[in-house]
Amino acid sequence: MLNIKKQISKLYASSVLGNLSLTGAWVAILAARGYSLVEIGLAETVFHIISLLFEIPSGVLADVFGRKNMLLVSSIMRMIGNIIMIFSCNLFMVCTSIAFQALSYNFSSGSGDALAYDSLKTVAHEGYYEKYASNQLIIYRLCSGVSTLCAGFALLIGHKLAYSTDVCMCIVQIGLLMTLQEVRIGEERGNCQENMIASIRRELITCFAESISFLKSAKKAILLMFCNSLVGAVDILLLFFLQAKLPEAGMPNWALGFSLFFMEMGGILGAKAILWFKKVRYRSVFMVTVFLVFTGVLIEHSGMYIVMTIGGFIAALSDDALQVRTNTILQDSFPSEQRATLISIESFTFSVIMIVLSPLAGIMFSHW
């Protein structure tokens, strides 16, 4: 019998462990190590190239072999990436570490949400999912904010010790994930205990084909994925490069962490506020949030670090509000058997957009 409260609580706790880190301001850490914004933009591009290649396969694997198992793989990939970063001494090693961080993101991006939704569906509590999605974004923003708040401390102790603490967090997270309960709704897919390559290949192909078949008949879902990913990409790039640009605009080093934390709090407000507007049409929510995000972009070009911080706050607020509403609509429409795969396809569109925007943003901000 599934204890839904424990299941959801463990997923929340796993998110805390996965997002709370001394290395949250990784752009600032790399900049302090002497890497240019162009090189940092290249590292970000590597992240999204790997995501592009492995996002959909990771979702298919989650649907076939279990969401819990893929969450465990995600933590292992993150730990490997942290260890490589500890010993990194050139851009190649940095990019290799980033690649493993991308794999970690791939294996967790669809698995956690899919496991949560189907767990809630098992006990007929699907209506709670929007609040769950909101809470997860709040956890992400809060932990990211705390992590960036520690930016000064991370720079003080050095990247090796900072990433070593991340390795310890991964070990604790793996122990927690092992206590989760796997949930299956609908047809069971094959017997994963079989050591038959043909059987495994057949299950993977079937799952992917069924997901594509669903998307062919759900053009609205594709549009939602693309629009949400584009808005999210603009917001994330702004917050990333502000880590390096705020000090150049005159912000004191001691204030950088507080500024980044304040911007993350904008996301928390957005994720919570959207729950108050459940009756507002999606089109209206989209138009308002897009306007506010690009208002934030314009504000970033003021050159005044206090005003730039406000712009980041506005962009984060709008992005997370749109993310919660979009995520809920998509989850309600996705078939359970292909849920992780379809979520991964959404992340795939995000990676495509980021591959294009990341190097452009790096060049733009380096000359700003």
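As a reminder, the structure under discussion sits directly above these lines.
In this text the structure is predicted, and so the values were computed from the model without any measurement. (Residues numbered from 1 in each chain as written. Predicted model: local features only at pLDDT ≥ 70, side-chain atom pairs only at ≥ 80, totals over all residues. Heavy atoms only, no water.)

## Quick notes on the overall build of the protein
Phase 1 of the analysis: The helix and strand tally for the protein stands at 15 helices and zero strands.
Phase 2 of the analysis: A total of 368 residues make up the protein; the buried ones form 54% of that total.
Phase 3 of the analysis: Here the contacts in the protein between residues at least 6 apart in sequence split such that 86% fall between residues at least 24 apart.
Phase 4 of the analysis: For the protein, the accessible surface area stands at approximately 16000 Å², while carbon and sulfur atoms represent 71% of it. (Helix = DSSP H or I, 4+ residues; strand = E, 2+ residues; numbered from the N terminus. Buried < 20%, exposed > 50% of the residue type's maximum accessible area, 1.4 Å probe, protein only. Contact = heavy atoms within 4.5 Å. Areas by Shrake-Rupley, 256 points an atom, 1.4 Å probe, with all protein chains shown as cover.)

## As for unusual backbone geometry
Phase 1 of the analysis: With a phi close to 60°, alanine 124 is a non-glycine residue in the positive phi region.
Phase 2 of the analysis: Within the secondary structure, alanine 124 sits in the loop between α6 (111–122) and α7 (129–149).

## Quick word on the packing of aromatic side chains
Phase 1 of the analysis: Applying the stated criterion across every chain yields a total of six aromatic pairs.
Phase 2 of the analysis: When the ring of tyrosine 117 is compared with that of tyrosine 129, the centres are 5.2 Å apart and the planes differ by 70°; the resulting orientation is edge-to-face. Linking tyrosine 117 in helix α6 with tyrosine 129 in helix α7, this pair joins segments that are 12 residues apart in sequence.
Phase 3 of the analysis: Residue tyrosine 117 is classed as buried on the basis of its relative accessible area of 6%. (Phe/Tyr/Trp six-rings, centres within 6.5 Å; stacked < 30°, edge-to-face > 60°.)

## So, the pattern of salt bridges
Two side chains carrying opposite charge are able to pair once their charged atoms lie near each other.
Phase 1 of the analysis: If you walk through the whole model with that rule in mind, you get two salt bridges.
Phase 2 of the analysis: With a shortest N-O distance of 2.9 Å, arginine 67 and aspartate 118 are connected by a salt bridge. Taken as a pair, arginine 67 in helix α4 (residues 67–86) and aspartate 118 in helix α6 lie far apart in primary sequence, 51 residues in all. Pair check on accessibility: arginine 67 and aspartate 118 agree, each one buried. (Salt bridge = Lys/Arg side-chain N within 4 Å of Asp/Glu carboxyl O.)

## Points about the side chain of threonine 289
Phase 1 of the analysis: Looking at where threonine 289 falls in the secondary structure, it is placed in helix α13 (residues 282–300).
Phase 2 of the analysis: Each residue touching threonine 289, except ones within four places of it in the same chain, is listed here: Ser318, Ala321 and Leu322.

## A word on the nonpolar core
Phase 1 of the analysis: By size, the foremost hydrophobic cluster in this structure holds 54 residues, and its most contacted members are Ile8, Leu11, Trp26, Ile40, Ile98 and Tyr132.
Phase 2 of the analysis: Excluding residues within four positions of it along the chain, isoleucine 40 makes contact with Trp26, Val27, Leu30, Ala31 and Tyr35.
Phase 3 of the analysis: Of all hydrophobic cores here, the second largest spans 26 residues; its members include Ile138, Val234, Ala271 and Val297. (Core = buried A, V, L, I, M, F, W, Y, C linked by side-chain atoms within 4.5 Å.)

## Quick look at the environment of phenylalanine 226
Phase 1 of the analysis: Locating phenylalanine 226 in the fold gives a position in helix α11 (residues 219–248).
Phase 2 of the analysis: Taking the C-alpha atoms as reference points, phenylalanine 226 and threonine 349, 123 residues apart in sequence, are found 6.2 Å from one another.

## Quick notes on the packing of helix α1 (residues 4–19) against helix α9 (residues 159–177)
Relative orientation and spacing of two packed helices are given, respectively, by the angle between their axes and the distance between those axes.
Phase 1 of the analysis: At a closest axis distance of 9 Å, the pairing of α1 and α9 adopts a crossing angle of 165°. By the angle between their directions, the pair α1 and α9 is classed as roughly antiparallel. Here the hand of the crossing between α1 and α9 comes out left-handed. In this structure, α1 contributes Lys10, Ala13, Ser14, Leu17 and Gly18 to the contact, and α9 contributes Met169, Val172, Gln173, Leu176 and Leu177.
Phase 2 of the analysis: Of the residues in the contact of α1 with α9, the class split is six nonpolar, three polar and one charged. (Axes fitted to C-alpha atoms, helices over the stretch in contact; angles between N-to-C directions. Parallel < 35°, antiparallel > 145°, perpendicular 65-115°, else oblique. Left-handed = near helix turned anticlockwise from the far one by under 90°. Nonpolar A, V, L, I, M, F, W, Y, C, P; charged D, E, K, R; others polar.)

## Observations regarding the side chain of histidine 159
Phase 1 of the analysis: You can see histidine 159 is positioned in helix α9.
Phase 2 of the analysis: Its relative accessible area of 16% is what places histidine 159 among the buried residues.
Phase 3 of the analysis: Setting aside anything within four residues of it in sequence, one finds histidine 159 in contact with Ile29, Arg33, Met85, Ile86, Ser88 and Ala154.

## Some details on the environment of asparagine 327
Phase 1 of the analysis: Within the secondary structure, asparagine 327 sits in helix α14 (residues 305–333).
Phase 2 of the analysis: Counting along the chain gives 197 residues from asparagine 327 to glutamate 130, while the straight-line C-alpha distance between them is 7.9 Å.
Phase 3 of the analysis: In this view, asparagine 327 contacts Asp113, Tyr129 and Ala133; residues no more than four positions away in its chain are not counted.

## Things to note about α7
Three or four residues apart is the spacing at which side chains of an α-helix point the same way, because the helix has 3.6 residues per turn.
Phase 1 of the analysis: Between the first and last C-alpha of α7 there are 30 Å, a value that for 21 residues agrees with the 30 Å anticipated at 1.5 Å per step.
Phase 2 of the analysis: Counting buried residues along α7, 16 of its 21 residues qualify, which places the element largely inside the surrounding structure. (Expected span 1.5 Å × (residues − 1).)

## What to know about a nonpolar patch on the surface
Phase 1 of the analysis: Together, Ile49, Leu53 and Phe54 give the surface a local cluster of nonpolar side chains, amounting to about 270 Å² of exposed area.
Phase 2 of the analysis: Tracing the backbone through its elements, the reader meets leucine 53 in helix α3 (residues 37–65). (Patch = residues over 30% accessible without salt bridge, like charges linked within 9 Å, V, L, I, M, F, W, Y side chains within 5 Å.)

## A word on α11
Phase 1 of the analysis: Between its first and last C-alpha, α11 extends 44 Å over 30 residues, near the 44 Å set by a 1.5 Å rise per residue.
Phase 2 of the analysis: Along α11, the sharpest kink reaches roughly 50°, centred on leucine 242.
Phase 3 of the analysis: In terms of residue burial, α11 counts as a mostly covered element, since 21 of its 30 residues are buried.
Phase 4 of the analysis: Looking one or two residues beyond α11, the residue adopting positive phi is glycine 250, at roughly 110°. (Bend = angle between axes of the 7 residues up to and from the residue.)

## A word on the environment of cysteine 89
Phase 1 of the analysis: Here cysteine 89 is to be found in the loop between α4 and α5 (91–109).
Phase 2 of the analysis: The exposure class of cysteine 89 is exposed, given its relative accessible area of 61%.
Phase 3 of the analysis: Once the C-alpha coordinates of cysteine 89 and arginine 33 are considered, the two residues, 56 residues apart in sequence, prove to be 9.8 Å apart.
Phase 4 of the analysis: Beyond its immediate stretch of four places on either side in the chain, cysteine 89 contacts Arg33 and Tyr35.

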